[in-house]
Amino acid sequence: DVKVTQSSRYLVKRTGEKVFLECVQDMDHENMFWYRQDPGLGLRLIYFSYDVKMKEKGDIPEGYSVSREKKERFSLILESASTNQTSMYLCASSTGKETQYFGPGTRLLVL
Amino acid sequence: GEDVEQSLFLSVREGDSSVINCTYTDSSSTYLYWYKQEPGAGLQLLTYIFSNMDMKQDQRLTVLLNKKDKHLSLRIADTQTGDSAIYFCAGGSYIPTFGRGTSLIVHP
(Lines give C-alpha, C1' and ligand atoms only; values in the text may rest on other atoms or scores of the structure.)
Protein backbone atom coordinates (compact mmCIF):
# COMPACT_ATOMS: atom_id res chain seq x y z
CA ASP A 1 0.00 0.00 0.00
CA VAL A 2 1.15 3.50 -0.83
CA LYS A 3 1.77 5.58 2.21
CA VAL A 4 1.89 9.36 2.18
CA THR A 5 2.59 11.01 5.52
CA GLN A 6 2.48 14.64 6.55
CA SER A 7 4.52 16.00 9.42
CA SER A 8 1.67 17.52 11.39
CA ARG A 9 -2.09 17.01 11.58
CA TYR A 10 -2.69 20.39 13.23
CA LEU A 11 -0.55 23.51 13.31
CA VAL A 12 -1.09 26.93 14.84
CA LYS A 13 1.20 29.77 13.73
CA ARG A 14 1.29 33.52 14.05
CA THR A 15 1.09 36.02 11.21
CA GLY A 16 4.53 36.63 9.71
CA GLU A 17 6.03 33.33 10.83
CA LYS A 18 7.82 31.07 8.38
CA VAL A 19 6.00 27.74 8.17
CA PHE A 20 7.25 24.41 6.86
CA LEU A 21 4.88 21.60 5.92
CA GLU A 22 6.58 18.30 5.19
CA CYS A 23 5.32 15.40 3.12
CA VAL A 24 6.95 12.01 2.66
CA GLN A 25 5.91 9.15 0.38
CA ASP A 26 7.32 5.64 0.47
CA MET A 27 6.51 4.33 -3.01
CA ASP A 28 9.21 5.95 -5.13
CA HIS A 29 6.66 8.11 -6.95
CA GLU A 30 8.02 10.66 -9.39
CA ASN A 31 5.27 13.23 -8.89
CA MET A 32 4.30 15.04 -5.74
CA PHE A 33 1.68 17.72 -5.20
CA TRP A 34 0.53 20.27 -2.67
CA TYR A 35 -3.10 21.35 -2.54
CA ARG A 36 -5.11 23.51 -0.23
CA GLN A 37 -8.70 22.71 0.54
CA ASP A 38 -11.23 25.32 1.58
CA PRO A 39 -14.97 24.87 2.15
CA GLY A 40 -16.94 25.30 -1.05
CA LEU A 41 -13.79 25.69 -3.16
CA GLY A 42 -12.63 22.09 -3.32
CA LEU A 43 -8.96 21.35 -3.90
CA ARG A 44 -6.72 23.94 -5.46
CA LEU A 45 -3.25 23.04 -6.69
CA ILE A 46 -0.45 25.14 -5.18
CA TYR A 47 2.69 23.50 -6.58
CA PHE A 48 3.76 20.18 -7.95
CA SER A 49 7.04 18.46 -8.66
CA TYR A 50 7.76 15.80 -11.26
CA ASP A 51 11.34 15.08 -10.21
CA VAL A 52 13.94 15.92 -7.61
CA LYS A 53 14.76 19.63 -7.62
CA MET A 54 12.03 20.26 -10.21
CA LYS A 55 8.92 22.26 -9.41
CA GLU A 56 6.01 23.77 -11.28
CA LYS A 57 3.48 26.36 -10.18
CA GLY A 58 -0.08 25.27 -9.83
CA ASP A 59 -3.15 27.46 -9.82
CA ILE A 60 -2.46 29.43 -6.61
CA PRO A 61 1.31 29.60 -5.93
CA GLU A 62 1.37 33.14 -4.52
CA GLY A 63 2.70 33.27 -0.97
CA TYR A 64 4.13 29.74 -1.15
CA SER A 65 7.33 28.04 -2.20
CA VAL A 66 8.38 24.40 -2.31
CA SER A 67 11.46 22.26 -1.99
CA ARG A 68 12.18 18.78 -3.31
CA GLU A 69 15.72 17.77 -2.37
CA LYS A 70 14.96 14.04 -2.20
CA LYS A 71 12.53 12.00 -4.24
CA GLU A 72 10.47 10.92 -1.27
CA ARG A 73 10.08 14.33 0.36
CA PHE A 74 8.24 17.43 -0.79
CA SER A 75 8.08 20.49 1.45
CA LEU A 76 5.68 23.41 1.29
CA ILE A 77 6.97 26.69 2.70
CA LEU A 78 4.95 29.70 3.73
CA GLU A 79 7.57 32.45 3.77
CA SER A 80 5.48 34.81 5.88
CA ALA A 81 2.23 33.28 7.02
CA SER A 82 -0.94 35.32 6.69
CA THR A 83 -4.43 34.73 8.05
CA ASN A 84 -5.77 34.00 4.56
CA GLN A 85 -3.48 30.96 4.47
CA THR A 86 -5.50 29.31 7.19
CA SER A 87 -6.62 26.15 5.47
CA MET A 88 -6.33 22.39 5.14
CA TYR A 89 -3.20 21.42 3.22
CA LEU A 90 -3.10 18.13 1.39
CA CYS A 91 -0.07 16.42 -0.08
CA ALA A 92 -0.35 13.77 -2.80
CA SER A 93 1.96 11.63 -4.88
CA SER A 94 1.59 9.70 -8.13
CA THR A 95 3.56 7.70 -10.65
CA GLY A 96 2.63 10.00 -13.50
CA LYS A 97 -0.30 7.89 -14.63
CA GLU A 98 -2.72 10.23 -12.91
CA THR A 99 -3.90 8.24 -9.88
CA GLN A 100 -2.97 10.28 -6.85
CA TYR A 101 -2.48 9.06 -3.31
CA PHE A 102 -3.13 11.54 -0.55
CA GLY A 103 -1.74 12.15 2.89
CA PRO A 104 -4.03 12.76 5.89
CA GLY A 105 -3.77 16.54 5.62
CA THR A 106 -2.44 19.33 7.82
CA ARG A 107 -4.95 21.77 9.23
CA LEU A 108 -3.14 25.11 9.58
CA LEU A 109 -4.47 27.99 11.60
CA VAL A 110 -2.71 31.35 11.25
CA LEU A 111 -3.51 33.83 14.01
CA GLY B 1 -7.94 23.04 -18.85
CA GLU B 2 -10.38 20.62 -17.34
CA ASP B 3 -13.45 21.90 -15.53
CA VAL B 4 -15.27 19.52 -13.21
CA GLU B 5 -18.66 20.32 -11.73
CA GLN B 6 -20.65 18.52 -9.07
CA SER B 7 -23.47 19.41 -6.75
CA LEU B 8 -22.46 20.38 -3.21
CA PHE B 9 -24.90 18.40 -1.09
CA LEU B 10 -26.88 15.17 -1.12
CA SER B 11 -29.02 13.85 1.69
CA VAL B 12 -30.32 10.27 1.73
CA ARG B 13 -31.97 7.89 4.14
CA GLU B 14 -30.00 4.92 5.43
CA GLY B 15 -30.62 1.89 3.20
CA ASP B 16 -31.51 3.94 0.12
CA SER B 17 -29.27 4.30 -2.93
CA SER B 18 -27.20 7.46 -3.35
CA VAL B 19 -26.31 8.86 -6.74
CA ILE B 20 -23.65 11.54 -6.98
CA ASN B 21 -23.29 13.24 -10.34
CA CYS B 22 -20.39 14.99 -12.02
CA THR B 23 -19.82 16.70 -15.36
CA TYR B 24 -16.45 17.39 -16.93
CA THR B 25 -15.18 19.22 -19.99
CA ASP B 26 -11.94 17.51 -21.07
CA SER B 27 -12.79 14.58 -23.33
CA SER B 28 -9.13 13.54 -23.41
CA SER B 29 -9.18 12.41 -19.76
CA THR B 30 -7.75 8.90 -19.63
CA TYR B 31 -9.17 8.05 -16.24
CA LEU B 32 -11.96 9.53 -14.18
CA TYR B 33 -11.86 9.14 -10.43
CA TRP B 34 -14.01 9.18 -7.36
CA TYR B 35 -12.34 10.04 -4.06
CA LYS B 36 -13.87 9.92 -0.60
CA GLN B 37 -12.92 12.23 2.24
CA GLU B 38 -14.07 11.43 5.74
CA PRO B 39 -14.17 14.23 8.35
CA GLY B 40 -10.70 15.47 9.26
CA ALA B 41 -8.94 13.09 6.88
CA GLY B 42 -7.22 13.19 3.51
CA LEU B 43 -8.70 11.93 0.27
CA GLN B 44 -8.99 8.20 -0.28
CA LEU B 45 -9.23 6.79 -3.79
CA LEU B 46 -12.60 5.06 -3.93
CA THR B 47 -12.74 3.88 -7.51
CA TYR B 48 -11.87 4.95 -11.02
CA ILE B 49 -13.02 4.22 -14.53
CA PHE B 50 -11.00 4.09 -17.69
CA SER B 51 -12.34 6.45 -20.35
CA ASN B 52 -13.16 3.66 -22.80
CA MET B 53 -15.52 1.98 -20.31
CA ASP B 54 -19.19 2.73 -19.74
CA MET B 55 -19.65 1.13 -16.36
CA LYS B 56 -17.65 -0.28 -13.50
CA GLN B 57 -19.05 -2.12 -10.52
CA ASP B 58 -17.25 -2.75 -7.26
CA GLN B 59 -19.39 -4.23 -4.48
CA ARG B 60 -21.85 -1.49 -3.48
CA LEU B 61 -20.34 1.05 -5.87
CA THR B 62 -21.34 1.52 -9.50
CA VAL B 63 -19.67 4.09 -11.72
CA LEU B 64 -21.41 5.11 -14.93
CA LEU B 65 -19.67 7.11 -17.64
CA ASN B 66 -21.52 8.84 -20.47
CA LYS B 67 -18.76 10.11 -22.75
CA LYS B 68 -21.11 11.82 -25.13
CA ASP B 69 -22.56 14.01 -22.39
CA LYS B 70 -19.31 14.08 -20.39
CA HIS B 71 -21.23 12.89 -17.36
CA LEU B 72 -19.95 10.65 -14.60
CA SER B 73 -21.97 9.25 -11.73
CA LEU B 74 -21.29 7.25 -8.59
CA ARG B 75 -24.07 5.10 -7.22
CA ILE B 76 -23.79 3.72 -3.69
CA ALA B 77 -26.26 0.92 -3.01
CA ASP B 78 -27.70 0.38 0.48
CA THR B 79 -26.14 3.59 1.80
CA GLN B 80 -24.92 3.38 5.38
CA THR B 81 -24.14 6.07 7.95
CA GLY B 82 -20.46 5.23 7.46
CA ASP B 83 -20.79 6.44 3.87
CA SER B 84 -21.31 10.01 5.13
CA ALA B 85 -18.37 11.92 3.67
CA ILE B 86 -17.38 14.33 0.94
CA TYR B 87 -17.06 12.71 -2.49
CA PHE B 88 -14.82 14.25 -5.11
CA CYS B 89 -14.96 13.62 -8.81
CA ALA B 90 -11.67 14.14 -10.65
CA GLY B 91 -10.41 13.87 -14.19
CA GLY B 92 -7.75 15.20 -16.51
CA SER B 93 -5.09 14.23 -18.94
CA TYR B 94 -2.03 14.60 -16.67
CA ILE B 95 -2.79 16.28 -13.39
CA PRO B 96 -6.35 15.57 -12.25
CA THR B 97 -8.72 18.47 -11.78
CA PHE B 98 -11.04 18.01 -8.83
CA GLY B 99 -14.64 19.04 -8.46
CA ARG B 100 -15.66 20.99 -5.35
CA GLY B 101 -16.93 17.86 -3.66
CA THR B 102 -20.39 16.58 -2.78
CA SER B 103 -21.21 16.25 0.92
CA LEU B 104 -23.24 13.08 1.38
CA ILE B 105 -25.35 13.09 4.51
CA VAL B 106 -26.93 9.80 5.50
CA HIS B 107 -29.68 9.97 8.09
CA PRO B 108 -31.43 7.12 9.89
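Residues numbered from 1 in each chain as written. Chains lettered and ligands numbered in written order. Predicted model: local features only at pLDDT ≥ 70, side-chain atom pairs only at ≥ 80, totals over all residues. Heavy atoms only, no water.

Caption draft 1: View of the overall build of chain A. Regarding its fold elements, chain A presents 0 helices and 11 strands. The N-to-C order of helical and strand elements in chain A reads β-β-β-β-β-β-β-β-β-β-β. Its C-alpha radius of gyration of 13 Å places chain A within 12% of the 13 Å reference for a compact globule of 111 residues. Here chain A holds 111 residues, and 49% of them are scored as buried. (Helix = DSSP H or I, 4+ residues; strand = E, 2+ residues; numbered from the N terminus. Rg over C-alpha atoms; globule rule 2.2 N^0.38 Å. Buried < 20%, exposed > 50% of the residue type's maximum accessible area, 1.4 Å probe, protein only.)

Caption draft 2: Region of interest: the state of the cysteines. What the rule picks out here adds up to 2 disulfides over all chains. For A:Cys23, the disulfide goes to A:Cys91, at an S-S distance of 1.8 Å. Its torsion about the S-S bond being -75°, the disulfide of A:Cys23 and A:Cys91 is classed as left-handed. Taken as a pair, A:Cys23 in strand β3 (residues 19-25) and A:Cys91 in strand β9 (residues 87-94) lie far apart in primary sequence, 68 residues in all. Accessibility classification places A:Cys23 together with A:Cys91 in one group, the buried group. Through a disulfide, B:Cys22 is tied to B:Cys89; the S-S separation comes to 1.9 Å. On the S-S bond that ties B:Cys22 to B:Cys89, the torsion sits near -65°, and the link is left-handed. Highlighted residues: B:Cys22 in strand β3 (residues 18-24) and B:Cys89 in strand β9 (residues 85-92), separated in sequence by 67 residues. (Disulfide = S-S within 2.5 Å.)

Caption draft 3: View of the pairing of strand β4 (residues 31-38) of chain A. Residues and elements named next belong to chain A. The buried fraction of β4 amounts to 8 of the 8 residues, a majority that puts the element mostly inside the structure. Pairing of β4 with strand β5 (residues 42-49), which is carried by 7 bridges, proceeds in the antiparallel orientation. In the sheet register, Asp 38 faces β5, and the bridge partner there is Gly 42. Taking the residues between adjacent antiparallel strands as the criterion, β4 and β5 are bridged by 3 residues, where Gly 40 takes a positive phi near 80°. (Pairing = 2+ DSSP bridges.)

Caption draft 4: Region of the structure containing the side chain of A:His29. Residue placement: A:His29 occurs in the loop between β3 and β4. A distance of 3.4 Å separates a polar side-chain atom of A:His29 from the backbone nitrogen of A:Ser94. (Polar contact = N/O pair within 3.5 Å; in protein donor to acceptor, adjacent residues only side chain to side chain.)

Caption draft 5: Molecular detail of the sheet that holds strand β8 (residues 71-76) of chain B. Residues and elements named next belong to chain B. Judged by pairing direction, the sheet is antiparallel, and its 5 strands sit side by side in the order β1-β3-β8-β7-β6 without closing on themselves. Every interior strand has two partners, whereas the edge strands, β1 (4-6) and β6 (55-58), have only one. The average undirected angle you get between the axes of adjacent strands in this sheet is 15°. As paired elements, β3 and β8 share 6 bridges and run antiparallel to each other. When the bridges of β8 are listed, Asn 21 appears paired with Ser 73. (Axes fitted to C-alpha atoms, helices over the stretch in contact; angles between N-to-C directions.)

Caption draft 6: A look at the pattern of salt bridges. Under the counting rule described, the total for this entry stands at 10 salt bridges over all chains. Linking A:Asp38 and A:Arg36 is a salt bridge whose minimum nitrogen-to-oxygen distance equals 2.9 Å. Residue classification places A:Asp38 among the buried residues on the basis of a relative accessible area of 11%. Accessibility expressed as a relative area gives 8% for A:Arg36, which makes it buried. For B:Lys68, the salt bridge is made with B:Asp69, and the minimal N-O distance between the two is 3.6 Å. (Salt bridge = Lys/Arg side-chain N within 4 Å of Asp/Glu carboxyl O.)

Caption draft 7: Summary view of a nonpolar patch on the surface. All names here are of chain A. A contiguous nonpolar patch, built from Val 12, Leu 109 and Leu 111 and spanning about 270 Å² of accessible area, is present on the exposed surface. For Leu 111, the position within the fold is in the segment after β11 (106-110). For Leu 111, a relative accessible area of 48% translates into the label partly exposed. (Patch = residues over 30% accessible without salt bridge, like charges linked within 9 Å, V, L, I, M, F, W, Y side chains within 5 Å. Areas by Shrake-Rupley, 256 points an atom, 1.4 Å probe, with all protein chains shown as cover.)

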